[in-house]
Amino acid sequence: MTAVDPRPLTGEPVSLDLLNTRWNVEGVRQDLLTDTDGLAVWLAANGLEGRFTADATTLRHTLAARDALASLVDRPGDPAATARVDAVLDHGRIRATLTTEGPGEEAEFTDPSWGPAWTAARDYLDLLRTAPDRIRACAHEACILHFFDTSRNGTRRWCSMAACGNRAKASRHYARTKDH
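Below, the structure is looked at part by part. Counting restarts for each chain, with residues numbered from 1 along the sequence as it is written. Side-chain atom pairs in this predicted model are given and counted only at pLDDT of 80 or more, local residue features only at pLDDT of at least 70, and totals for whole chains, interfaces and linings cover all residues. The basis for every side-chain value is the complete set of non-hydrogen atoms in the structure, without hydrogens or water.

What follows covers unusual backbone geometry. Here the phi dihedral of Glu 26 falls at roughly 50 degrees; this positive angle occurs in a residue that is not glycine. Per the convention used, a helix needs a DSSP run of H or I reaching at least four residues, while a strand needs a run of E reaching at least two, with both numbered from the N terminus. Structurally, Glu 26 can be placed in the loop between strand 1 (22–25) and strand 2 (28–31). Remark: exposure states derive from per-residue accessible area (1.4 Å probe, protein chains only) relative to the maximum for the residue type, with buried under 20%, exposed over 50%, and partly exposed in between. On the basis of relative accessible area, Glu 26 is assigned to the exposed category, the value being 82%.

When two rings of Phe, Tyr or Trp (its six-membered ring) have centres within 6.5 Å they constitute a pair, described as stacked for plane angles under 30 degrees, edge-to-face for angles over 60, and tilted for the intermediate range. By the definition in use, this model includes two aromatic pairs. Aromatic side chains Phe 52 and Phe 109 sit 5.6 Å apart centroid to centroid with 70 degrees between the ring planes, which places their arrangement in the edge-to-face category. Pair noted here: Phe 52 is in the loop between helix 2 (36–45) and helix 3 (56–74) and Phe 109 is in strand 4 (residues 102–109), with a separation of 57 residues, a long-range link. Phe 109 sits in the partly exposed class, given a relative accessible area of 21%. Centroid distance Phe 109 to Trp 118: 5.4 Å. Interplanar angle 75 degrees. Geometry classified as edge-to-face. The rule is short: NZ of Lys or CZ of Arg within 6 Å of the ring centre and within 35 degrees of the ring normal puts a charge over the ring. Positioned over the ring face of Phe 147 is Arg 156, at 4.0 Å from the centre of the ring.

Attention shifts here to the nonpolar core. Core analysis: the largest hydrophobic core is formed by 42 residues, its most contacted members being Leu 18, Leu 33, Trp 42, Leu 69, Val 85 and Cys 159. Elements with a contribution of two residues or more to this core: helix 1 (14–19), helix 2, helix 3, helix 4 (79–89), helix 5 (115–130) and strand 6 (146–148). Ranked by residues supplied to this core, first place goes to helix 3 with seven residues. Every residue pair with non-hydrogen atoms within 4.5 Å of one another is taken to be in contact. With residues up to four places along the chain from it excluded, the contact list for Leu 69 reads Ser 15, Leu 18, Leu 19, Val 85, Ala 120, Ala 121 and Tyr 124. To qualify as a nonpolar core, a set must consist of buried Ala, Val, Leu, Ile, Met, Phe, Trp, Tyr and Cys residues joined through side-chain atoms within 4.5 Å.

Here the focus is helix 3. Side chains three or four residues apart in an α-helix point the same way, a direct result of the helix having 3.6 residues per turn. Each helix should span, by expectation, one fewer than its residue count multiplied by 1.5 Å. Between its terminal C-alpha atoms helix 3 stretches 27 Å, which fits the 27 Å expected from 19 residues at 1.5 Å a residue. Of all the residues in helix 3, the buried ones are Thr 58, Leu 59, His 61, Thr 62, Ala 65, Arg 66, Ala 68, Leu 69, Ala 70, Ser 71, Leu 72 and Val 73.

Time to look at the pairing of strand 1. Summarising the sheet, strand 1 and strand 2 pair through four bridges and their orientation is antiparallel. Counted as the bridge partner of Trp 23 is Gln 30 from strand 2. Taken together, strand 1 and the strand that follows it, strand 2, pair antiparallel across an intervening segment of two residues, in which Glu 26 is found at a positive phi of about 50 degrees. By this definition, two strands are paired if DSSP reports at least two bridges between them.

We define a salt bridge as a contact between a side-chain nitrogen of Lys or Arg and a carboxyl oxygen of Asp or Glu at a distance within 4 Å. Within the structure shown, the criterion is met by twelve salt bridges. Between Asp 5 and Arg 7 there is a salt bridge; the shortest N-O distance is 2.7 Å. Asp 5 gets classed as partly exposed once you look at its relative accessible area, which sits at 22%. Taking the relative accessible area as the measure of exposure, Arg 7 reaches 6% and is therefore buried. Here Asp 149 makes a salt bridge to Arg 136, at a shortest N to O gap of 2.6 Å. Taken together, the residues span a long stretch of sequence, with Asp 149 in the loop between strand 6 and helix 6 (161–178) and Arg 136 in strand 5 (residues 135–137) at a distance of 13 residues. Using a relative accessible area of 1% as the deciding quantity, one classes Asp 149 as buried. Linked through salt bridges whose partners overlap, the residues forming this network are Arg 93, Arg 95, Glu 106 and Glu 108.

What follows is the structure, encoded as C-alpha coordinates:
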(Lines give C-alpha, C1' and ligand atoms only; values in the text may rest on other atoms or scores of the structure.)
Protein backbone atom coordinates (compact mmCIF):
# COMPACT_ATOMS: atom_id res chain seq x y z
CA MET A 1 0.00 0.00 0.00
CA THR A 2 1.31 3.43 -0.96
CA ALA A 3 1.63 6.10 1.73
CA VAL A 4 -0.51 9.23 1.75
CA ASP A 5 0.78 12.08 -0.40
CA PRO A 6 1.78 14.88 2.02
CA ARG A 7 2.17 17.63 -0.58
CA PRO A 8 0.00 20.74 -0.43
CA LEU A 9 -0.57 20.86 -4.21
CA THR A 10 -1.21 17.80 -6.35
CA GLY A 11 -2.98 17.11 -9.60
CA GLU A 12 -0.88 19.38 -11.79
CA PRO A 13 0.49 18.06 -15.11
CA VAL A 14 3.17 15.44 -14.42
CA SER A 15 6.12 17.77 -15.19
CA LEU A 16 4.93 20.44 -12.75
CA ASP A 17 3.85 17.79 -10.26
CA LEU A 18 7.45 16.56 -10.30
CA LEU A 19 8.64 20.09 -9.49
CA ASN A 20 6.08 20.18 -6.68
CA THR A 21 7.77 17.27 -4.91
CA ARG A 22 9.62 20.09 -3.10
CA TRP A 23 7.64 22.60 -1.05
CA ASN A 24 7.95 24.83 2.02
CA VAL A 25 6.18 24.43 5.35
CA GLU A 26 6.65 27.46 7.60
CA GLY A 27 9.96 28.26 5.91
CA VAL A 28 11.30 24.68 6.05
CA ARG A 29 11.98 22.92 2.75
CA GLN A 30 10.22 19.58 2.37
CA ASP A 31 11.11 16.97 -0.25
CA LEU A 32 8.97 13.98 -1.14
CA LEU A 33 11.77 12.36 -3.18
CA THR A 34 14.28 11.67 -0.41
CA ASP A 35 13.79 7.91 -0.79
CA THR A 36 12.07 5.25 -2.85
CA ASP A 37 8.96 5.37 -0.63
CA GLY A 38 8.46 9.00 -1.66
CA LEU A 39 9.02 8.02 -5.28
CA ALA A 40 6.32 5.36 -4.93
CA VAL A 41 3.91 8.04 -3.64
CA TRP A 42 4.73 10.31 -6.60
CA LEU A 43 4.41 7.47 -9.13
CA ALA A 44 1.01 6.53 -7.69
CA ALA A 45 -0.18 10.16 -7.71
CA ASN A 46 0.56 10.32 -11.44
CA GLY A 47 -0.79 6.92 -12.46
CA LEU A 48 2.71 5.57 -13.15
CA GLU A 49 3.03 2.99 -10.35
CA GLY A 50 2.07 -0.01 -12.48
CA ARG A 51 4.46 0.86 -15.30
CA PHE A 52 7.60 1.79 -13.37
CA THR A 53 9.42 0.53 -10.30
CA ALA A 54 10.21 2.77 -7.34
CA ASP A 55 13.85 1.74 -6.95
CA ALA A 56 17.09 3.65 -6.33
CA THR A 57 18.01 3.93 -10.03
CA THR A 58 14.57 5.25 -11.01
CA LEU A 59 14.76 7.71 -8.11
CA ARG A 60 18.19 8.96 -9.26
CA HIS A 61 16.92 9.48 -12.83
CA THR A 62 13.71 11.14 -11.63
CA LEU A 63 15.72 13.55 -9.47
CA ALA A 64 17.89 14.38 -12.49
CA ALA A 65 14.74 15.23 -14.45
CA ARG A 66 13.37 17.33 -11.59
CA ASP A 67 16.59 19.34 -11.37
CA ALA A 68 16.70 19.80 -15.14
CA LEU A 69 13.07 20.94 -15.30
CA ALA A 70 13.55 23.28 -12.33
CA SER A 71 16.51 24.90 -14.09
CA LEU A 72 14.50 25.35 -17.27
CA VAL A 73 11.43 26.74 -15.49
CA ASP A 74 13.64 29.22 -13.60
CA ARG A 75 15.59 30.20 -16.73
CA PRO A 76 13.46 29.58 -19.85
CA GLY A 77 15.59 29.31 -22.97
CA ASP A 78 18.84 28.91 -21.01
CA PRO A 79 21.08 26.69 -23.19
CA ALA A 80 22.50 24.72 -20.25
CA ALA A 81 19.05 24.06 -18.78
CA THR A 82 17.72 23.10 -22.21
CA ALA A 83 20.62 20.67 -22.68
CA ARG A 84 19.85 19.03 -19.32
CA VAL A 85 16.21 18.43 -20.30
CA ASP A 86 17.32 17.17 -23.72
CA ALA A 87 19.68 14.73 -21.98
CA VAL A 88 16.69 13.25 -20.11
CA LEU A 89 14.67 13.10 -23.33
CA ASP A 90 17.50 11.16 -24.99
CA HIS A 91 16.48 8.13 -22.89
CA GLY A 92 13.13 7.59 -24.59
CA ARG A 93 11.10 8.07 -27.71
CA ILE A 94 7.57 7.88 -29.05
CA ARG A 95 6.78 4.99 -31.35
CA ALA A 96 3.78 5.38 -33.61
CA THR A 97 1.34 2.48 -33.38
CA LEU A 98 -1.89 1.37 -34.97
CA THR A 99 -4.45 0.04 -32.52
CA THR A 100 -7.99 -1.25 -32.93
CA GLU A 101 -9.12 2.26 -31.93
CA GLY A 102 -6.91 3.86 -34.61
CA PRO A 103 -3.55 5.64 -34.61
CA GLY A 104 -1.70 5.69 -31.32
CA GLU A 105 1.62 6.36 -29.68
CA GLU A 106 3.68 4.31 -27.29
CA ALA A 107 6.63 5.52 -25.23
CA GLU A 108 9.78 3.40 -25.41
CA PHE A 109 12.79 3.77 -23.12
CA THR A 110 16.45 2.83 -23.44
CA ASP A 111 16.14 1.71 -19.82
CA PRO A 112 12.76 1.55 -18.00
CA SER A 113 14.28 3.31 -14.98
CA TRP A 114 14.30 6.47 -17.12
CA GLY A 115 10.54 6.15 -17.77
CA PRO A 116 9.19 8.53 -15.10
CA ALA A 117 11.93 11.10 -15.77
CA TRP A 118 11.33 10.98 -19.53
CA THR A 119 7.55 11.11 -19.05
CA ALA A 120 7.84 14.31 -17.00
CA ALA A 121 10.24 15.93 -19.48
CA ARG A 122 7.99 14.99 -22.40
CA ASP A 123 4.98 16.43 -20.56
CA TYR A 124 6.84 19.72 -20.15
CA LEU A 125 7.32 19.85 -23.93
CA ASP A 126 3.57 19.36 -24.33
CA LEU A 127 2.89 22.27 -21.95
CA LEU A 128 5.32 24.47 -23.89
CA ARG A 129 3.56 23.48 -27.11
CA THR A 130 0.11 24.15 -25.64
CA ALA A 131 0.45 27.35 -23.60
CA PRO A 132 3.92 28.27 -22.32
CA ASP A 133 2.58 31.48 -20.77
CA ARG A 134 0.32 29.41 -18.49
CA ILE A 135 3.25 27.65 -16.75
CA ARG A 136 3.53 29.62 -13.52
CA ALA A 137 5.30 29.77 -10.19
CA CYS A 138 3.15 30.72 -7.21
CA ALA A 139 3.29 34.48 -6.61
CA HIS A 140 3.72 34.10 -2.83
CA GLU A 141 7.33 34.92 -1.96
CA ALA A 142 7.69 31.97 0.43
CA CYS A 143 6.15 29.41 -1.93
CA ILE A 144 8.13 27.34 -4.43
CA LEU A 145 5.22 25.48 -6.05
CA HIS A 146 4.31 25.59 -9.75
CA PHE A 147 1.01 25.22 -11.57
CA PHE A 148 -0.50 25.24 -15.02
CA ASP A 149 -3.02 28.10 -15.12
CA THR A 150 -6.27 26.69 -16.44
CA SER A 151 -8.36 29.69 -15.39
CA ARG A 152 -10.56 31.13 -18.12
CA ASN A 153 -8.78 34.48 -18.30
CA GLY A 154 -5.29 33.21 -17.44
CA THR A 155 -4.76 35.39 -14.38
CA ARG A 156 -4.25 32.81 -11.63
CA ARG A 157 -1.42 33.91 -9.33
CA TRP A 158 -1.42 31.44 -6.45
CA CYS A 159 -0.83 27.73 -6.19
CA SER A 160 -3.88 27.73 -3.91
CA MET A 161 -6.23 30.55 -3.08
CA ALA A 162 -6.95 28.88 0.26
CA ALA A 163 -3.28 28.84 1.27
CA CYS A 164 -0.98 31.30 -0.49
CA GLY A 165 -3.73 33.59 -1.77
CA ASN A 166 -5.19 33.94 1.72
CA ARG A 167 -1.75 34.58 3.26
CA ALA A 168 -1.15 37.36 0.73
CA LYS A 169 -4.56 38.92 1.45
CA ALA A 170 -3.94 38.71 5.20
CA SER A 171 -0.51 40.34 4.80
CA ARG A 172 -1.98 43.21 2.77
CA HIS A 173 -4.76 43.66 5.31
CA TYR A 174 -2.30 43.69 8.21
CA ALA A 175 -0.09 46.22 6.42
CA ARG A 176 -3.09 48.52 5.88
CA THR A 177 -4.43 48.27 9.42
CA LYS A 178 -1.18 48.49 11.42
CA ASP A 179 -0.65 52.07 10.22
CA HIS A 180 -4.02 53.22 11.61
